[in-house]
Structures are given as C-alpha cells and as structure tokens.
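Coordinates in review
As a plain string of letters, each chain reads:
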Amino acid sequence: MNLFDKIADALKRREDLDLRMAEQEKERFFDKLCGRLATPEPTPETRQAATCRLRLSLAAGTGSCEHDEYILDPAVSADYTVGRGVPTGSTEDTRRIFILDNESDPSLAKRNGSVSRVHAQIFFDKTEWLLVRTPGAGITSYSVSEDEGSHRLLAEGDGLTLRPGMRIFLGKEKVCLTIR
C-alpha cells in the first residue's frame, strides 16, 4: 500500500470513527435521560488506541505553540495538521497543532514565521503515526532522532513513522517538536 492509499484509508477511518462517536454520544444522552448510568466496556479499538497515543511537545526557545503539549490520540482523530496560524475556537482547531502566527516575542515570531500555514500532516495508519510533508509547504521539514547522525530530510509528499524520542524540526528556523 503506497503512502497516498494509507492517507485515504486514514481519512475513511476518521469518518467511521466520527460516526461511531456520534452514536455513542446519542446512547449516553438517552442513558442519562432515562436515569441509567452506563459504563462502557473497553472495546479492542479503544484498548489499541490507548497504546497508540503519542505526545508532542515544543522544545523551549525554538518557537511558540498554542499548547505546551499535544496528545495524538487515534480515538480523537486519525489526522492532524501542523502549521502556522491563530486558533479560531472552531472544532477543527482540535485537529491542528498551531505554531503561533501572533507571537509578540520578536525572536520567537521569526522562528514561527519560517513554518508554512499547512506545513505537515500527521496520520494514524492502524498501528503507527506517520508525518507527511505537505506538498507546496515551500520550506524544508526534517526529523532528527535521538541517535547521533540519523538526520533525515523530507521531500514534498515524503513521510516517516513517528516514534518516541524523535525530534521534528519545522522550517528553516527549526521550530522543534519532541515526540514522547
């Protein structure tokens, strides 16, 4: 399966997940309305999703984000967008990792400005998270793992599997996200 098939499959799973979550919410509403307390049994999907969570945190002094840490959870979303912008408060914001466009500190604003508005996509592919450089991002993205010398430059549309211990550098000013 090529990368684009994996992306299409991840988007289809996200739609299926959104429908299942809406159905579960409706069931919880009716249980609450009828006075029933429901404690859902963990399903194989929710058990697997709990083991597939990753945390992304911004390395101090390399830029600024909306949050200090982001949890990538396939039970919440199978895809996330990494890019520069300003949060609007919409539900789409929950699937975005914002490198702040409105930073007041000039040195951080310069670093943030080197990140494209839609710099990369992160997709969950059944068992692993993939980072894909967005075509047309314009500025090179690359990854450096904790192992010395394992520097990998990503070309447009290129992707890599995310693992704890990796550091992702965005833009020519190297805004750094650490994966845990």
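To keep things clear, this report deals only with the structure shown in the data block. The structure displayed is predicted, hence computed values, not measured ones. (Residues numbered from 1 in each chain as written. Predicted model: local features only at pLDDT ≥ 70, side-chain atom pairs only at ≥ 80, totals over all residues. Heavy atoms only, no water.)

Topic: the sheet that holds strand E9 (residues 159-161)
Selection rule: At least two DSSP bridges between two strands are needed for those strands to be called paired. Working definition: helices are DSSP H or I runs of at least four residues, strands are E runs of at least two. Numbering for both runs from the N terminus. A fitted line through C-alpha atoms serves as each axis, taken over the contacting stretch for helices, and the angle formed by two N-to-C directions is quoted from 0 to 180°.
Pairing is mixed across the open sheet formed by five strands, whose spatial order is E4-E3-E5-E6-E9. Both edges of this open sheet fall to strand E4 (96-100) and E9, since each of them pairs with a single strand only. Across the sheet, the axes of successive neighbouring strands diverge by a mean angle of 20°, strand direction being ignored. In terms of strand pairing, strand E3 (residues 79-85) meets strand E5 (residues 120-125) through four bridges, oriented antiparallel. Looking at the pairing, Val82 lines up with Ala120 of E5.

Let's talk about the environment of Asp73
The topology assignment puts Asp73 in the loop between strand E2 (69-72) and E3. In this structure, the C-alpha to C-alpha distance between Asp73 and Phe124, residues 51 residues apart in sequence, is 8.7 Å.

A few points about the pairing of E4
To be explicit about the condition: Three exposure classes are used, based on accessible area relative to the maximum for each residue type with a 1.4 Å probe and protein chains only: buried under 20%, partly exposed in between, and exposed over 50%.
Summarising burial for E4: four of the five residues are buried, a large majority. Sheet topology note: the E3/E4 ladder contains five bridges and is parallel. For Arg84, the partnering residue across the bridge sits in E4 and is Ile99.

Concerning the side chain of Thr62
For clarity, the threshold we go by: For this analysis, a polar contact is any N or O atom pair within 3.5 Å, provided that within protein one partner can donate a hydrogen and the other can accept it, and provided that sequence-adjacent residues contribute only side-chain to side-chain pairs. Only heavy atoms matter for contacts: two residues are in contact if any of them lie within 4.5 Å across the pair.
Of note, Thr62 is situated in the loop between strand E1 (54-58) and E2. At 2.8 Å, the side chain of Thr62 forms a polar contact with the backbone oxygen of Ala59. When neighbours within four sequence positions are excluded, Thr62 is seen to be in contact with Leu108, Arg111, Lys174, Val175 and Cys176.

Things to note about unusual backbone geometry
With a phi close to 65°, Lys126 is a non-glycine residue in the positive phi region. Along the chain, Lys126 falls in the loop between E5 and strand E6 (128-133).

Describing the pattern of salt bridges
Opposite charge on two side chains permits pairing when their charged atoms draw close. Rules: In what follows, salt bridge is the name for a side-chain nitrogen of Lys or Arg lying within 4 Å of a carboxyl oxygen of Asp or Glu.
Summed over the entire model, instances satisfying the criterion amount to two salt bridges. Here Asp73 and Arg53 are joined by a salt bridge, their closest N and O atoms 2.7 Å apart. Taken together, the positions of Asp73 in the loop between E2 and E3 and Arg53 in the loop between helix H2 (44-51) and E1 put the pair 20 residues apart, joining distant regions of the chain. Residue Asp73 is classed as buried on the basis of its relative accessible area of 8%. Since its relative accessible area comes to 43%, Arg53 is described here as partly exposed. Here Arg55 ties to Glu69 by a salt bridge, and the two come within 3.4 Å at their closest N and O atoms. Here Arg55 is found in strand E1, whereas its partner Glu69 is found in strand E2, with 14 residues between them in sequence.

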